[in-house]
Structures are given as structure tokens and as C-alpha cells.
Amino acid sequence: MEVEKITNEAPGVKTFRLKFKNEEEGNAFEFHAGQFGEYSVFGEGESTFCIASSPTRKGYIECTFRQAGRVTTGLSKLEEGATIGFRGPFGNTFPMDEWKGKNLVFVAGGIALPPMRCVIWNALDLRKNFKDITIVYGAKSVDDLVYKDELTEWAARPDVNLVTTVDPGGETPDWKGEVGFVPSVLEKVAPNSENTVAIVCGPPIMIKFTFPVLEKLGFKDENIYTTLENRMKCGVGKCGRCNVGKLYVCKDGPVFTRTELQSLPPEY
Amino acid sequence: MNKLIEKATSLLQEGVVTKVIGYEEGTEKPRPFFCEKAEDTSKLIYNSRCINNLAVYLTKPELLGTGKVAVVATLPTLRSIVQLAFENQLKEDKLVILTVTDSEEVIEFAGFAEIETYLKDFKLKIDQKEQDLIDKLEGMSKEERWTFWVEELSQCFKCYACRAACPMCYCTRCVVEVNCPQWVQPWASPLGNIEWQINRAMHLAGRCTGCGSCAEACPVGIPIDLLTRKMMEDLGEEFGVVPGQPNKNGNVLSTFKPEDKENFIR
Amino acid sequence: MEKRYISKEGLNKWFNQIIQSDKRLFAPVQKGEKVEFKRVKSFEEVASDYIQTTQSIKRVAFPRAEVLFSYKKEEKETTLQDFNPDTVPETVLWKIHPCDAAGFIPLTGIFNWDYKDKLYNARLAKTTMVSFSCQKSDNSCFCTSVNGGPGNTAGSDIQITLLPDGGALAEILTPKGEALVTLAPECFEAEREIKKEDYLADVPVRFNVKELTGKLASSFDSPVWKQQSERCLGCGACAFVCPTCACFDIQEDAKGSTGRRIRCWDSCGFSMFTLHTSGHNPRQQQSQRWRQRILHKFSYMPERIHELGCTGCGRCSRACPVDMNILEHLTSIAQQSHE
């Protein structure tokens, strides 16, 4: 893959737009919302990121990552035009066909917006298929919000209810959004749980406090979806790293409903 | 044995310690035993077949818990305890250190200093089989010795049992587990395996107390303790290092002082 | 399946024919106090009086370290060189135990469920297994408790049962076995009246594996994991000597503008196995990792790929520096009463 475009989203966080070096491969490439890939930096290794762009947009894929270890540091040093490797798409998908005609509520925190972004764009590109779309997204501070331009775009759309928030203390003087942790802001927004699917993604601590809020609002576990992050290497269910209970997060996930999560041992 | 069992029972019953780390009979040979109940102390044994170095457990907080712990220490374990104490890895007030003499008397040490004094009366023992191998190696030329180690270490499959069994290998992240940068390759390969053992010998230089747990733990039977032991001998000659009697000036190869000479750096 | 008789001289002759052919042969060889699989060139090198080798022979299909692909960077371009299955040599495994041959079955299961592993399959396809049934066993063996046995032929291409006269009963089980026989067909005589069970070791059943699996299904929160794993040092010895353990790591061997992507053995017992870069570790304690080892082999794998992840060879127990005797632990769980 060639790195076509690099966007600096937040301190330490970048988005890469990648195009296939082989155009034929690029045109034939298909994936579904929720899937991930293994991205290679030759000389450093491989890392797992979700595909953060929508499958409705052809010819390129995008990934967003935070610089944290060896491979992501190697990625951060690359310039536009560089070559990286890609294996994928792996994993299961968000069942968007099953969601037709329903309301969608997206709840995300910080660097967990990327896995949701592909679903959001997918839903927006097929807007007629869904009823109300609500997005609750928060980060530690204004600077840490990712996809700032897209947030503005979504906010401007009349067919999307976007609520952004930053943690108390993370606001700037001209911040017009909410101030508060994502779970409490979600409670305030109080989306209707009838005929609605909730998609949640965020750091473990955010998920821990979001689930009870959704429960309170009347969401059933089989209508709450999340995507798990686990240490992965092979991505195809062989190396054993992401094995949780009898499932492999790379093959049976990373998308799980809350019902499925509850049947898993707490080892993720 | 009765005196040991008596002591362990009273320590547990009186709530002085939450567990006694000792030995019990295993499948073919004695193995480490974590005794938490007074009624289990009858399983405790102590004899020359007890060769695991129990000091390796004393740097694992999840095993020690918050209370006091007793450890039944053989001579090699005592030497490791002294070295670990010197490296600030042990809390004197959280440990009850016991040993059993040849006449089956139980000694409870008042502190690390007393252990050091006690150890002065005992010389490091090497069994005949090891001595034979050492003599064989000493009789080889440099090239023959290299060939010997290349062949032995080609068997190694990097299970890191040597590191896991060594009480001195308590680094929370070993050098081989660092990937930024990747100093030492973690996978098995003939030269990579030699690189790993040389690394161990260097990191243990002046710290190894010659317990032989590394070679004992090695599933494929590579006599790697000879490498660290040779290093220990050399440092004994060059720096007067004695296992079980830490040099008050610091570890020979891992202590740095601002006033160290730097005239060899050109 | 064909049964034949082969004499002592016949065995020797056939062995030598295999050595003369283009196939490389691995057999158990005595090395000091231990017996290991090595490449051999003569019949005399093969060990005779031992119970079990220290390591399994899984490395012929799943090496300790192998190159997945290599790459070369030139300015902004990178070229890759993939693994070439034609480079895999023909291999014969001689005198492996039934538990070793059976060990390749769950291994093949892991490497072929869903995505099919090219490298493993290429290596396995070129491997012919000649197992020898067991006449001796020790306290660490428990093949009969895990659907195996000293004369079990699962996974073998040919099984040899040695007889008091120095000859053997030869069971030729697969086309690969038949092909190996053609190297010296005259050595294989007509079958004789031989009751195989008379020449096998007696390996008592120690626990009921169905009962065990049943108990494991509800044992996740049991204190038994912490109790059993207190002395575990968290090394990889058990996983690496095991014929069925398949967990691996992927590493980078980079040298400037060239490099290789390596696959190497790993163990779920290592503390860093599930560690995230963020520092979060789903299995932070050794007891959780010990539980994963047992549940994966005896609960998750049977549920998922309908294979037990253990053949009862006992190598893990023998290799463990602190005597984590798996048979002891499993028996204790199987006998637990529900509280």
C-alpha cells in the first residue's frame, strides 16, 4: 500500500489514507464495517488497527493510530508516498443489514472513534436505511478529539444529532460543546431505546460506566454492540494471543454484542 | 524434620506469617511448596535433594501478599537472599528466614546481616559431574570450547526457563523483551542463543551466587550454569567477589559512581 | 490397512534404504542423560532403552523459528519474497511414539481451521511418520486417559510393534506409509498371527476425560487455579516441549534495508503474551495464565475444533523445573466435587 495522505488528528494521533499499489487489487478489494487489518512497517513489524474508512468508499482505506510502541513509532516517521504492507480484511462485521429501519446511537471515547467512524460513514452514505442517528463522542480535551473536520461536518448535518464533550478541565474558553464524561453526557442526551441499536467503543473505564446507563435507558443487551481490542499477531485465529474462552477476537470478533460479551470470561 | 514442622506450624498458628515457602515431595524429586495452613506443615521436607532456589519467589509481590512470609532456605537460597537484600529487593521486616542444619536444628535468622555471617562458614560446593565437565572444558583450546558451546546452545529453544528459575533475574521487563530497539533477538537460532547466554552471563556478573538453578531448570540439559560460574570465578580472581558476601562498594559490573575513572574512554 | 511381519535384519535393511534415498530421517538419539530427536545416518545411532524424548518432533512441521517472507527496501519501493514450499525436504520420522504421531492431529486442526496455514501444510505433506508402539511407560505418561494408547495408530503412516525375536509387526496405514514400504518391499513378509496387545505397555487410565471436561466447564472461578500455579515460574518449557502447543509470535529480523518476518514459538504462560502496548494485561497473574493453558487444551479446543489439545505424552511434567505435574493437576480437578 502507498501512504497517500497523512492527517494529524491530535497529539500523537495520525490518520493515514492508503491506496493500493496494484490498482486492480484496489478495485477488487472489499470489506465490511467493523473489520480490521494488520499493517506492516517493513523493518519494524506489524500492528493491528481497524479499517477506519467506510466500505462504501472505494479505492482507498484509512487507518488511525496513536504513537505508542515500535510499529506505531515507525509509522509516525513515514511520509506521504511511503510503502507499507497490509493484510486483511479480518474479523467479523457490524450487521448493518439487520439494522435497517432502526435508530442508531453511537457512543465513543477518545481514540476509539476510529472503529466507529467506518460504521458512521457507512450509515451516513446509506442514510435512507436508518432512522435517527445520534453520536455521543468525547475526549480528554479539545485537542484530543479526532476527526475534527468530520465532527464539524456531522454537526452541520440536519439528519444527525451529534453531541461532543470533553472531560471536565479539558475545555477551552471557546468550546461550545458539552463538558462531562461520556457516560453522564449520554444519560443527559437520553436517546430512546425503542427500535434502537447502540454501538459503543472506548477505553475499558468508559465502557464500564456506559453499559449501566444504556441499561437504565432500556437498551437490551442484544442491541448493544461493541468492538474489542486485544493483543493480536496473526489475525487469523492461529497464534492464540486473542483467544478468550472458546472464541478468537480476530475471527469471532472484534464485533460483539453485550450478550456475547457476558458469556466470555473477563480476559479482554 | 520435626523441628522444622514444629516451627512452621507455630509461625502459621500464631499468625506471624501468612505462608511458609518450603519444599514438599514431588513426582521424582522435591518441589517448592507454599504452605498456608498449619495442618499442611507435615508435608514440609528438607534434605540434600531440595535443589530449587526458593529465593526466586521472594521478588514476586503477587505471591508474597501484604503479610509476612517465611522461607525455608538452603545454603544456595541463603546466598541469593543476601545478594537480593543487597540489591534492595527484599524487606527484612516482611520475611522470616529459616534454615535447617545438618544436625536438623532450625535456625531463624534475625536479619540479613546474620545470614551473611552464617554463610562465611560454608564454601560453595561443586558436584563431581560438574567438576568433570569443567575440567574437560579447561583442557580444551579456545576453538574447541567455542565448538562445544555452539553445539550445546543450538539445542536451546528460548523457553527462558533459565531466566525464570534464576533469583537474580527479577527485571520486570527483560532486555530480550524490549523491542524499541530490539537489543537481543527473542527467537531461537544458533548464534542468537549464544548471544542470549552471553548477555545473561554479563548481566549476572558479580551477582550470580552459583546455585545452578539455571542449568537445573533447562529442559534440554544445557550446562549453562558453567558460563555464569566461570564469570563468577573470574570476578573472584580479578575483583575478590565472593558469592553470598556482597562487595560493599557495589556490584562489580553494574554499579556506577560519578568519581569512576574514565581514562580508558578515548 | 495392511499388516506385515518384518524381521530384525529387514528393519535394518529398510532403514538403510530410507537413509540412501533423498529423504532425511529423524530418530531418537541418546545424548548424555537425555534422548532427543536428531537427524541420523545409521541404524546404530538410534536410541533403544528410554521412555520418552525430552522434546517433541513438532518442529519438522512447525519449526522453532521460520521465515514467513523476506523483504528488500529500495527508496520508496519494497519487494517481498514469499516462502517457497518447494524448498521443504522430504522427511521421515522414525521411532516416534504414538503420542507424538497423535500430537500432529490437534496441531493440524489449529493450523487448518478456517484459514489454512501454507507453511505448516507444506511441511506436513512432506513428512512420513513411522511410529513404534510403546513397551514401557512411566508415571508421567497418561495417553490412555486422553483417548490415546501405547498402540494407538492415529496420525501414524506406519506403526511398528517390536517383538521378542527382534522383528516387528508392521501396520501400513496410509498411502504415504505404502510409498515408504516400496523403498524395500522385500523386507515386508506376509503377516503372522500376532496379538499386538501382548507387546504393549500397561498405561493405567488415571482420570475420565469426559468428567474432566465437564468439571472444567464450570471451573473458571475456582480457587484451584491459584493453588495449583503458585510455584509456576512462567517459563515456556511446557509449551515448547509439547507436541500440540501451537501458539506463536511474529517478529521482525531487520537489517537496514533488508529483513525477514519470523514466526517463532511462544507460550500463553509468558507474562507478556496478552500484554497490550497500553500496559493493560487481561491475564496479569500466573494463575490466570495457568488456567488458560488447561482450559484451552481441555475445554476450548474440544469445543472449537473437536480435538483435545493433549496426547498424554507427559513431556511437560518431566520438563517443568518446579514439577507442575499436569497429570496430578488434571486428576485433582477431575476428582473435585462440586461445591
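Counting starts from 1 at the beginning of each chain's written sequence and moves along it residue by residue. Here the convention is simple: chains get letters from A, ligands get numbers from 1, in the order in which they are written. Thresholds applied to this predicted model are a pLDDT of at least 70 for local features of residues and 80 or more for the giving and counting of side-chain atom pairs; totals over whole chains, interfaces and linings are not thresholded and use all residues.

A. Just the overall build of chain A, in detail. Across its full length, chain A carries seven helices and 15 strands. Taken over C-alpha atoms, the radius of gyration is set against a globule rule of 2.2 Å times the number of residues to the power 0.38. Expected size for 268 residues packed as a compact globule is a radius of gyration near 18 Å; at 18 Å, chain A falls within 12% of this value. The principal-axis extent of the C-alpha atoms belonging to chain A is close to 50 × 45 × 35 Å. Here exposure depends only on C-beta density: within 10 Å of a residue's C-beta, 20 or more other C-beta atoms make it buried, 12 or fewer make it exposed, and intermediate numbers make it partly exposed, the C-beta atoms being placed from the backbone. In chain A, which comprises 268 residues, the proportion classed as buried is 49%. Taking all contacts inside chain A whose residues are at least 6 apart in sequence as the whole, residues at least 24 apart take part in 70%. Helical segments are the DSSP runs of H or I of at least four residues, strand segments are the runs of E of at least two, and each set is numbered from the N terminus. Think of it this way: build a C-beta for each residue from its backbone, and any pair within 7 Å is a contact.

B. Local environment of the overall build of chain C. Summing up its helical and strand segments, chain C has ten helices and eleven strands in all. A globule of 339 residues ought to have a C-alpha radius of gyration of about 20 Å, and chain C, at 22 Å, matches this closely. Taken along its principal axes, the extent of the C-alpha atoms in chain C is 65 × 65 × 40 Å. Going through the 339 residues of chain C one by one, you find that 48% of them count as buried. Long-range contacts, defined here as pairs at least 24 residues apart, represent 71% of the contacts in chain C between residues at least 6 apart.

C. Inspection of the pairing of strand 10 (residues 248-255) of chain C at higher detail. Residue and element names in this part refer to chain C. Along strand 10, six of the eight residues are buried, which leaves the element largely enclosed by surrounding structure. DSSP bridges decide pairing: two strands pair if at least two such bridges lie between them. Relative to strand 11 (residues 258-265), strand 10 runs antiparallel, the two sharing eight bridges. Residue pairing across strands places aspartate 253 opposite arginine 260, the latter belonging to strand 11. Hairpin connection, strand 10 to strand 11: the antiparallel pair is bridged by two residues, and glycine 256 has positive phi, about 65 degrees.

D. Structural context of the domain arrangement of chain A. Residue and element names in this part refer to chain A. According to the domain assignment, chain A consists of domain 1 (2-90) and domain 2 (103-227). Only strand 1 (2-10) and strand 5 (60-66) provide two or more residues apiece to the side of domain 1 that touches domain 2. For this classification, the nonpolar set comprises Ala, Val, Leu, Ile, Met, Phe, Trp, Tyr, Cys and Pro, the charged set comprises Asp, Glu, Lys and Arg, and every other residue, Gly included, is treated as polar. When the residues that make up the side of domain 1 that touches domain 2 are grouped by side-chain class, the tally is eight nonpolar, five polar and two charged. Domain ranges listed in this record stem from an automatic or a database domain assignment.

E. Looking closely at the sheet that holds strand 2 (residues 31-35) of chain B. Residue and element names in this part refer to chain B. Ordered by their spatial adjacency, five strands build an open sheet running 2-1-3-4-5, and the pairing between neighbours is mixed. With partners counted over all chains shown, the strands left at the sheet margins are strand 2 and strand 5 (106-108), one partner each. The average undirected angle you get between the axes of adjacent strands in this sheet is 25 degrees. Of the strand pairs in this sheet, strand 1 (residues 19-24) and strand 3 (residues 69-72) are connected by three bridges, and their pairing is parallel. Bridging from a neighbouring strand, lysine 19 pairs with valine 69 of strand 3. Here the axes come from fitting lines to C-alpha atoms, over the contacting stretch only for helices, and the angles between their N-to-C directions go from 0 to 180 degrees.

F. Layout of the packing of helix 5 (residues 209-217) of chain C against helix 10 (residues 326-334) of chain C. Residue and element names in this part refer to chain C. The interhelical angle for the contact between helix 5 and helix 10, taken along N-to-C directions, is 75 degrees, at an axis separation of 8 Å. It follows from the interaxial angle that helix 5 and helix 10 lie roughly perpendicular. Packed against helix 5, whose contacting residues are Glu211, Leu212, Lys215 and Leu216, the element helix 10 presents Leu330, Ile333 and Ala334 at the interface. Its residues assigned to classes, the contact of helix 5 with helix 10 shows five nonpolar, no polar and two charged. Angular relationships are summarised with four words: roughly parallel below 35 degrees, roughly antiparallel beyond 145, roughly perpendicular across 65 to 115, and oblique for the angles in between.

G. Looking closely at the interface of chain C and chain B. At the junction of the two partners, chain C supplies 31 residues and chain B supplies 26 residues. Taken together, the elements giving at least two residues each to the side of chain C that touches chain B come down to helix 7 (237-241), strand 10, strand 11 and helix 9 (315-319) of chain C. Its residues placed into classes, the side of chain C that touches chain B shows 13 nonpolar, eleven polar and seven charged.

H. Main features of helix 5 (residues 182-189) of chain A. All names here are of chain A. Of the residues making up helix 5, those classed as buried are Val182, Pro183, Val185 and Leu186. Buried positions in helix 5, seen along its axis, are confined to an arc of 160 degrees and lie on one side of it. Just past helix 5, the residue alanine 190 takes up positive phi, approximately 45 degrees. By arc we mean the arc of the directions from the helix axis to the C-beta atoms, nothing more.

I. Quick peek at helix 10 of chain C. Residue and element names in this part refer to chain C. All buried positions along helix 10 are accounted for by Ile326, Leu330, Ile333 and Ala334. Taken end-on, helix 10 shows its buried residues confined to a sector of 100 degrees, consistent with a single buried face. Along its buried surface, helix 10 packs onto helix 5, helix 6 (224-229) and helix 9.

J. Geometry of the environment of B:Ser42. Residue and element names in this part refer to chain B. Checked against the element boundaries, serine 42 lands in the loop between strand 2 and helix 2 (61-64). Serine 42 sits in the partly exposed class, given 14 other C-beta atoms within 10 Å. For the pair serine 42 and threonine 9, spaced 33 residues apart in sequence, the C-alpha to C-alpha distance is 8.7 Å.

K. Examining the nonpolar core more closely. Counting residues in hydrophobic clusters, the biggest one holds 228 residues, and the most contacted among them are A:Phe106, A:Ala198, A:Ile199, B:Val71, B:Val72, B:Ile81 and B:Ala161. With residues up to four places along the chain from it excluded, the contact list for A:Ile199 reads A:Phe94, A:Leu104, A:Phe106, A:Met116, A:Val119 and A:Tyr225. Each nonpolar core consists of buried Ala, Val, Leu, Ile, Met, Phe, Trp, Tyr and Cys residues. Their C-beta atoms, within 7 Å, join them into a set.

L. Structural detail: the sheet that holds strand 2 (residues 13-19) of chain A. Residue and element names in this part refer to chain A. The sheet built from three strands is open, its strands ordered 1-2-5 with antiparallel pairing. Across the chains shown, the open sheet's two edge strands, defined by having one partner strand only, are strand 1 and strand 5. The mean angle between the axes of side-by-side strands here comes to 20 degrees, regardless of whether they run parallel or antiparallel. Where strand 1 lies against strand 2, seven bridges are found, and the strand directions are antiparallel. Across the sheet, valine 3 pairs through a bridge with leucine 18, a residue of strand 2.

M. Structural view of the environment of A:Leu261. All names here are of chain A. Along the polypeptide, leucine 261 turns up in helix 7 (residues 258-262). Look at leucine 261 and you get partly exposed, because 19 C-beta atoms sit within 10 Å. Residues leucine 261 and tryptophan 121, spaced 140 residues apart in sequence, show a C-alpha to C-alpha distance of 25 Å. Leave out the neighbours within four places in its chain, and leucine 261 touches Thr226 and Phe256.

N. Representation of the packing of helix 8 (residues 190-203) of chain B against helix 10 (residues 225-239) of chain B within the structure. Residue and element names in this part refer to chain B. Relative to each other, helix 8 and helix 10 sit at 35 degrees, their axes nearing to 9 Å. As helix 8 packs across helix 10, the resulting crossing turns out to be right-handed. Residues Gln197, Arg200 and Ala201 of helix 8 form the contact with helix 10, whose own contacting residues are Leu227, Thr228 and Met231. A breakdown of the residues in the contact of helix 8 with helix 10 according to their chemical character gives three nonpolar, two polar and one charged. Left-handed describes a crossing in which the near helix is turned anticlockwise from the far one by less than a right angle; the clockwise case is right-handed.

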